[in-house]
Amino acid sequence: MSNPATPPRSLAEALRARDDASLAALLRARPDLITPVPTDLTQLATRAGTRASVLRALERLDRFALQSAEALAVAGDPASYQELLGLMAGDGGDPAVAGELPRAVAALRDQALLWGDDDRLRLVRTAREVLAPSPQHPSPTGLGPSVREATSGMSPGRIQEIVAAAGLPSTHDSVSAVDALTKLFGHRRKMAKLLAAAPAESREVLSRLVWGPPYGQITPEPAAHLRWLLDRGLLLPTAPGTVVLPREVALHLREGRAHRAPEPVPPAVEPAAVHRPQVVDATAAGQAYTTLATVEELLKDWDEGGPAVLRAGGLSVRDLKRTAVALDLPEPVAAFWVELAYAAGLLASDGEADERFAATPAYDEWLERPPAERWAQLAEAWLTATRTSGLVGGRDAKDRALSALGPGLDRSAAPEVRHRVLTLLAALPEGTSPTADSVLGRLRWERPLRGPQQHGDDLRTRLARWTLSEAELLGVTGRGALSAHGRALLGAPAAERTSGKTSEKTPEQAAEPSGPGDKLPVHRHHLSPVLEPLSPPEQAVATATAGRLLTPLLPEPLDHVLLQADLTAVAPGPLRRPLADALGVLADVESKGGATVYRFTPASVRRALDAGQAAADLHAFLATHSRTPVPQPLAYLIDDVARRHGHLRVGAASAYVRCDDDTVLNEIMADKRASGLRLRRLAPTVLATQADPAALLEGLRAMGYAPAAESAEGDVLITRAHAHRTPPRTAPEPVPDGPPPPDSTLLAAAIRAIRAGDLAATAPRKAAGAAVKGGELPRTTAAETLATMQAAVLTGDTLWIGYVNAEGTASQRVIAPIRVEGGFVTAYDHTADEVRTYPLHRVTGVAELAED
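Since the structure is predicted, the reported quantities are computational estimates derived from the model, not experimental observations. (Residues numbered from 1 in each chain as written. Predicted model: local features only at pLDDT ≥ 70, side-chain atom pairs only at ≥ 80, totals over all residues. Heavy atoms only, no water.)

Draft legend 1. Focus on the pattern of salt bridges. This model, assessed by the stated rule, comprises 36 salt bridges. Among the salt bridges present, the one from D118 reaches R109, with a minimum N-O distance of 2.9 Å. For R109, a relative accessible area of 24% gives the class partly exposed. Its salt-bridge partner being R447, residue E416 comes within 3.5 Å of it at the nearest N-O pair. Of this pair, E416 sits in helix 21 (residues 414–427) while R447 sits in the loop between helix 22 (436–446) and helix 23 (459–474), and the two are 31 residues apart along the sequence. Bridged by salt links that share partners, the residues R60, E416, R447 and R460 form one connected network. (Salt bridge = Lys/Arg side-chain N within 4 Å of Asp/Glu carboxyl O. Buried < 20%, exposed > 50% of the residue type's maximum accessible area, 1.4 Å probe, protein only. Helix = DSSP H or I, 4+ residues; strand = E, 2+ residues; numbered from the N terminus.)

See below:
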């Protein structure tokens, strides 16, 4: 074991010096390191240095921690803390950088991307390779190679010429010449004197290269001002026609700063407006009710079987457009509601030969739940889903169109981004809506992209924009501010509301606080509490709480409508389900909103009669549920349609029409509109056709008649909508963004196993007995193994054994034997942290551990 006072010589030794809490934090932050559990700390360090794991860890650093890592990649290896501080703060210093740098260094250490004491800081090798500048992958700092790297292929004579032109004495070898040139470029006063003598055009060239990219093109015969720079090594050739500004020269011109603009403090989330919390909650609740109505309308439209499933999966562009028209919404919004119903398990494909989308049995259960619980289920599905409706209409990596309900819409980062956006809103004073740009700026600081961003159109930015709009559509936010039930959905503590009146403010007024209660604090990333995503049981509790908070805000369903003389009915609010279903058959929805307007037409009344209702039933229904008297025009409409309903009977011959009044049949035969039906008279009261009964029914209804279908026995067929359902389906599982974070139980067990394995691998062995080389299992005879085991039982010594299990897998363990009998040894296994029994014939060898 290494001495804690001795500086670590490797990442493994640095990890070995950590306590269990620190190791647990590392494994929680980088769960890929624990899948599977490493056998010891050396294997953990090796895994932490793999390229895939390092890239993943770098992508989860905030901007300042990443800038610190980028600065270390261009510093010496190892670098001191003071050298890193100089690169981050520059020659003039920066109090904000100096105050935040310890946190950034600690974050890099905690993530096992940096190890070593403050006087010998080392990035892990893979991180340095990823972040260090190269011609193929320029550094985000804009710095180029060092003088030593740029002159590695230069002839000794040319190096001596550069040294002499720079005013330095010649040396006997290239190594000392390069060292002298490096010291000159790093000396502030001498470099200032050298550059003061440069032509103005030469200084202009340096100013264009100083912040990167550091590479430039020259002709075979460079101009005089370029030749002046080349002669003194201020520009060095890297390839024919290409020159580079050495790192040391750029740092002098930058006054020692590795970055043009270090960002030690996250940008604040700026307010756009401040509303009364009650207004926010009421607005969000209204949109939550619209959410339920929209999802119900969508699935009611698909109740008898929705659109066909494309061969490649998903919804066709034409069907999405039809759905958008039916919902009276733009296509992207319609795609959102379709995907939300699918994510909540209310919609799926039926799996039939002629595969179609339809509601699932879970939809019927969902309809029976209280409105607030139904909303909460949808909101939870949205918060945790990885399917992203905003991608619909785009193209995947293979240039294939992405369709709603189709493959390729999962983005594993979506739940994290949604949760973080809502968390930022929860950190604002209650009732405050933020500006979208400030939210996006904060997210870019917390998870910056390595390398240049293209117009801010990276995936996380688009996910954040979609989150803000979808949260408003869903009713999680109201007027851009997080609602009380939205806050509960995150598991955030409820905001304390003060009594008194709060007027709504403009963005300009909100930007200038009028009192202590209106002041918006600057939320520092490492000081402000960060709401972590909830576990499934915790999320279930939070979802139930959100539903309870929403319940009193939703309008109470009504059991009445207002009938009007213009053959319309006005529902002044949401209707109870039986009333809404019955009215939906008897009338057509004309307009929606705060109040729904239904219109009665001959076709809608005939639809109710076809469903088995009689005229008396319709009159009684309207009289019971109307707060106004039944208008005379509506009563006449019902009676008139009922009087003519069923006067004509249509059955299957292929199809026939019969009527007791032959004059009616004469009218039909004489009507030119009936020519397409190709009717012929079989008897004075019967007409026949080759068309099917459904087509004949529609044709006669289009001519203004009210025929009724009849069965083979002559009974009137009652037509009711057939609710098509899929077999039981489960909601789609979110696609995980890497291995899931381990829970505390797994972490504790993993750390015990790693510690025990490390003890077995690093514990010193006694020289006596069979010689054991590093990394090899001990080899002893059966007699030696038995004797050593029996002696250890008597002395209480700890032994190191090699063991081969029943599957033939060899491992090493540290055990303390308790008894040996019957060919078995019972011992406390330090590796497994429990008492176990091992067959002696599977023990390959044994070695005693040194007393220290």
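So, next bit.
Draft legend 2. Examining the environment of S316 more closely. One can find S316 in the loop between helix 16 (277–301) and helix 17 (317–327). With a relative accessible area of 16%, S316 lands in the buried category. Spatially, the C-alpha atom of S316 lies 6.8 Å from that of S403, the residues being 87 residues apart in sequence. A distance of 3.0 Å separates the side chain of S316 from the side chain of D319, its partner in a polar contact. (Polar contact = N/O pair within 3.5 Å; in protein donor to acceptor, adjacent residues only side chain to side chain.)

Draft legend 3. View of the environment of V804. Topologically, V804 is positioned in strand 21 (residues 799–804). Expressed as a C-alpha distance, the spacing of V804 and P839, which sit 35 residues apart in the sequence, is 9.9 Å. Here V804 is in contact with T809, A810, R842 and T844, once residues within four sequence places are set aside. (Contact = heavy atoms within 4.5 Å.)

Draft legend 4. How the structure looks around empty space enclosed by the protein. On inspection of all chains with the given rule, the structure shows 3 cavities of 30 Å³ or more. Taken as a whole, the largest cavity encloses approximately 100 Å³ of empty space. F336, E339, L340, A343, A381, W382, A385, R387, S389, R418 and E470 are the residues that line the largest cavity. For the lining of the largest cavity, the secondary-structure elements that each account for two or more residues are helix 18 (331–343) and helix 20 (371–384). Counting residues per element, the lining of the largest cavity draws most heavily on helix 18, at 4 residues. For the lining of the largest cavity, a count of residues per class yields 6 nonpolar, 1 polar and 4 charged. (1 Å grid on protein atoms, 1.4 Å probe; cavity = no way out; pocket = protein on both sides within 12 Å on 5 of 7 lines; lining within 4 Å. Points joined across faces, edges and corners; volume = space filled by probe spheres on them. Nonpolar A, V, L, I, M, F, W, Y, C, P; charged D, E, K, R; others polar.)

Draft legend 5. View of the packing of helix 6 (residues 81–89) against helix 7 (residues 95–110). It is the contact of helix 6 with helix 7, at a shortest axis distance of 10 Å, that shows an interaxial angle of 125 degrees. Between helix 6 and helix 7, the angle falls in the class oblique. When you trace helix 6 past helix 7, the crossing you get is right-handed. Residues Y81, L84, L85, M88 and A89 of helix 6 touch helix 7, and the partners they reach there are V97, A98, L101, P102 and V105. (Axes fitted to C-alpha atoms, helices over the stretch in contact; angles between N-to-C directions. Parallel < 35°, antiparallel > 145°, perpendicular 65-115°, else oblique. Left-handed = near helix turned anticlockwise from the far one by under 90°.)

Draft legend 6. Summary view of the sheet that holds strand 4 (residues 236–239). With respect to topology, 3 strands assemble into an open sheet ordered 3-5-4, the strand pairing being antiparallel. Single-partner strands in this sheet number two, and they are strand 3 (215–217) and strand 4. Averaged over all adjacent pairs, the angle separating strand axes in this sheet is 40 degrees, with direction ignored. Pairing analysis gives 3 bridges linking strand 4 to strand 5 (residues 242–244), with the strands arranged antiparallel. What sits directly across from A239, in strand 5, is T242. (Pairing = 2+ DSSP bridges.)

Draft legend 7. Region of interest: the pairing of strand 13 (residues 568–571). A two-sided burial pattern is seen for strand 13, the buried positions comprising T568 and V570 on one face and A569 and A571 on the other. As paired elements, strand 12 (residues 562–564) and strand 13 share 3 bridges and run antiparallel to each other. In the strand pairing of strand 13, L563 is matched with A569. Hairpin connection, strand 12 to strand 13: the antiparallel pair is bridged by 3 residues, and L567 has positive phi, about 65 degrees. Here strand 13 pairs with strand 15 (residues 596–599) via 4 bridges, running antiparallel.

Draft legend 8. The sheet that holds strand 23 (residues 824–829), seen in detail. Ordered in space as 24-23-22-21-25, the 5 strands form an open sheet in which the pairing is antiparallel. Taken across any chain shown, the strands that pair with only one partner, and hence form the sheet edges, are strand 24 (834–839) and strand 25 (843–848). Pairwise comparison of adjacent strand axes, ignoring direction, gives a mean angle of 45 degrees for this sheet. Bridge count between strand 23 and strand 24: 6 bridges; the pairing is antiparallel. Bridging across to strand 24, Y828 finds its partner in V835.

Draft legend 9. Structural detail: the side chain of R813. Following the sequence through the fold, R813 ends up in strand 22 (residues 810–821). Residue classification places R813 among the buried positions, given a relative accessible area of 16%. A distance of 3.2 Å separates the side chain of R813 from the side chain of D829, its partner in a polar contact.

Draft legend 10. Highlighting the packing of helix 27 (residues 577–586) against helix 29 (residues 615–625). One way to put it is that helix 27 packs onto helix 29 with a least axis distance of 12 Å and a crossing angle of 130 degrees. If you check the angle between helix 27 and helix 29, you find them oblique. Considering only the axes of helix 27 and helix 29, their crossing is left-handed. Between helix 27 and helix 29, the residues in contact are L579, A582, L583 and L586 and L618, F621, L622 and H625, respectively. Among the residues making up the contact of helix 27 with helix 29, the classes are represented as 7 nonpolar, 1 polar and no charged.

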